[in-house]
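Residue strings, one per chain:
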Amino acid sequence: MSAIWKSPEAAATVRARYAAFLNLWPAPSEQRRVSTSQGDTFVISSGPKNAPPVVLLHGSASNSASWLGDAAALSARFRVHAVDVIGEPGFSAESRPPLASGAYAPWIGEVLDALGVPRAALVGLSLGGWLAADFATRHPERVIGLVLLCPGGIGRHRNILIWAAPLLLMGSWGQRRMMQKILGPGLARAEKTPEGQAFGAFNAQIFAGFRPRMEALPPITSDALARLVMPVMTILGAQDAMIDSADTRRALTAAAPHTRVLWLPDDGHMLVGHGAAIADFLAETAA
């Protein structure tokens, strides 16, 4: 039995739906699996091959389909590599070492090496934000620029189990309500379109068949954040139900005062459609 899937059938269903979403990638792309010490890692690459490289790291209980709304803007100006995080519901290995083990920064380094990318800009969302920031604090010489969307491990995390646990006992309605509260107003806005409704249904399939990580993200200390000497941008939703966005802003700007903050008062944990702003910021860093 898989450690991350509730059944082989659930894994097959989610992966088939994921493959269909990747067929909608909004730029000419190539898909590959690169070898790492944690197993094969799936990457979808798009954009001019001679453009500055940008690596995208998605959040927990998700995969690179998270970037469908941003890939067009980024791929127009950069060589984009969207990486499926190991141990998540994508096409990478099911390997899931403890987050505090120190195994993830070497894994990212191996992915960059396999892609032939000595230095890159990193863009991370939620768990991917923690992965990107952790790698950048350990290997700042390999990071040209850093963009963190609702990153974990920097500000205080809210105890969602107080209200999420009862909802999980209420079947599909409860799971749906939990997703609405976790993702915030962005989900309701996205689901006004057919594409957004399809993606919402896909997320529900993931939640129904996948076992998410339950361990807490190791905090990134202020001393570590001070090693973020590269240009940094963070995008934060004031209504984030999972992470204290104000505390994240305070911690980042105190340790790395050059950080640029995009504060979104009407958004929660789900942040999509910021590809143009990210591309503009990264173009400045590349220049």
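You'll find the structure just up there.
Calculation criteria
Residues numbered from 1 in each chain as written. Predicted model: local features only at pLDDT ≥ 70, side-chain atom pairs only at ≥ 80, totals over all residues. Heavy atoms only, no water. Helix = DSSP H or I, 4+ residues; strand = E, 2+ residues; numbered from the N terminus. Buried < 20%, exposed > 50% of the residue type's maximum accessible area, 1.4 Å probe, protein only. Contact = heavy atoms within 4.5 Å. Pairing = 2+ DSSP bridges. Right-handed = clockwise from strand over helix to strand, strands pointing away. Core = buried A, V, L, I, M, F, W, Y, C linked by side-chain atoms within 4.5 Å. Polar contact = N/O pair within 3.5 Å; in protein donor to acceptor, adjacent residues only side chain to side chain. Axes fitted to C-alpha atoms, helices over the stretch in contact; angles between N-to-C directions. Parallel < 35°, antiparallel > 145°, perpendicular 65-115°, else oblique. Nonpolar A, V, L, I, M, F, W, Y, C, P; charged D, E, K, R; others polar. Phe/Tyr/Trp six-rings, centres within 6.5 Å; stacked < 30°, edge-to-face > 60°. Lys NZ or Arg CZ within 6 Å of the ring centre and 35° of its normal.

A. Focus on the overall build of the protein. The number of helices and strands found in the protein is 11 helices and eight strands. Sorting the 287 residues of the protein into buried and exposed places 54% on the buried side. Taking the intrachain contacts of the protein between residues at least 6 apart in sequence as the baseline, contacts between residues at least 24 apart amount to 76%.

B. Structural context of the pairing of strand β6 (residues 143-149). Buried residues dominate β6, accounting for six of its seven residues. When strand β5 (residues 120-125) meets β6, the two strands line up parallel, connected through five bridges. Bridge pairing in β6 places Val123 opposite Val147. Once you follow β5 into helix α4 (residues 127-138) and on to β6, the crossover reads as right-handed.

C. How the structure looks around unusual backbone geometry. At Ala61, a residue that is not glycine, the phi angle is positive and equals roughly 55 degrees. Here Ala61 shows up in the loop between β3 (53-57) and α2 (71-75). Among the residues examined, Ala61 registers a relative accessible area of 12% and is labelled buried.

D. Expanded view of the nonpolar core. One finds Trp25, Val123, Leu149 and Leu282 to be the most contacted residues of the largest nonpolar core, which totals 41 residues. Of the residues forming this core, the biggest block, five residues, is contributed by helix α1 (residues 8-22). Here Val123 is in contact with Val54, Val55, Leu56, Leu57, Trp67, Val147, Leu149, Ile278 and Leu282, once residues within four sequence places are set aside. Counting 40 residues, the second largest nonpolar core, distinct from the first, contains Val55, Trp130, Leu148 and Ile220.

E. Spatial organisation of the side chain of Asp247. With respect to the secondary-structure elements, Asp247 resides in helix α10 (residues 245-255). Separated by 2.9 Å, the side chain of Asp247 and the backbone nitrogen of Arg156 make a polar contact. Ignoring anything within four residues of it in the chain, the contact list for Asp247 reads Gly155 and Arg156.

F. Molecular detail of the sheet that holds strand β4 (residues 79-83). Taken in spatial order, the eight strands make up an open sheet running β1-β2-β4-β3-β5-β6-β7-β8, and their pairing is mixed. Every other strand in the sheet has two partners, leaving β1 (29-34) and β8 (260-264) as the edge strands with one partner each. When the angles between neighbouring strand axes are averaged without regard to direction, this sheet yields 15 degrees.

G. Fine view of the side chain of Gln38. Structurally, Gln38 is set in the loop between β1 and β2 (41-46). Polar contacts involving the side chain of Gln38 include one to the side chain of Ser95, which spans 2.6 Å. Among residues more than four places away in sequence, those in contact with Gln38 are Ile86, Ala93, Ser95, Pro97, Ala103, Trp107 and Glu110.

H. Seen up close, the packing of helix α3 (residues 104-115) against α4. It is at 9 Å that the axes of α3 and α4 come closest, and there the two elements cross at 85 degrees. Viewed along their axes, α3 and α4 adopt a mutual orientation that is roughly perpendicular. Touching Tyr104, Ala105, Ile108, Gly109 and Leu112 of α3 are Leu131, Asp134, Phe135 and Arg138, all from α4. A class-by-class count of the residues in the contact of α3 with α4 yields six nonpolar, one polar and two charged.

I. Structural detail: the packing of aromatic side chains. Scanning all chains against the criterion turns up five aromatic pairs. Between Trp5 and Phe210 the ring centres are 5.4 Å apart and the planes differ by 70 degrees, which places this aromatic pair in the edge-to-face class. Here Trp5 is found in the segment before α1, whereas its partner Phe210 is found in the loop between α8 (194-209) and α9 (222-225), with 205 residues between them in sequence. Taking the relative accessible area as the measure of exposure, Trp5 reaches 1% and is therefore buried. Aromatic side chains Phe42 and Phe91 sit 5.2 Å apart centroid to centroid with 85 degrees between the ring planes, which places their arrangement in the edge-to-face category. With a gap of 49 residues between them, Phe42 in strand β2 and Phe91 in the loop between β4 and α3 connect regions that are remote in the sequence. The buried category is assigned to Phe42, whose relative accessible area is 1%. By the ring-pair criterion, three or more aromatic residues cluster together here, those being Tyr18, Phe42 and Phe91. Directly above the ring of Trp263 sits Arg249, whose terminal nitrogen or CZ lies 3.9 Å from the centroid.

J. Looking closely at the environment of Ala224. On the secondary structure map, Ala224 appears in helix α9. A sequence separation of 91 residues divides Ala224 from Ala133, and the C-alpha atoms of the two residues are 9.2 Å apart.

K. Looking closely at the pairing of β8. Here five bridges tie strand β7 (residues 232-237) to β8, and the two strands are oriented parallel to one another. Note that in β8 the partner of Thr234 across the bridge is Val261. One crossover worth recording links β7 to the parallel β8 by way of α10, and it is right-handed.

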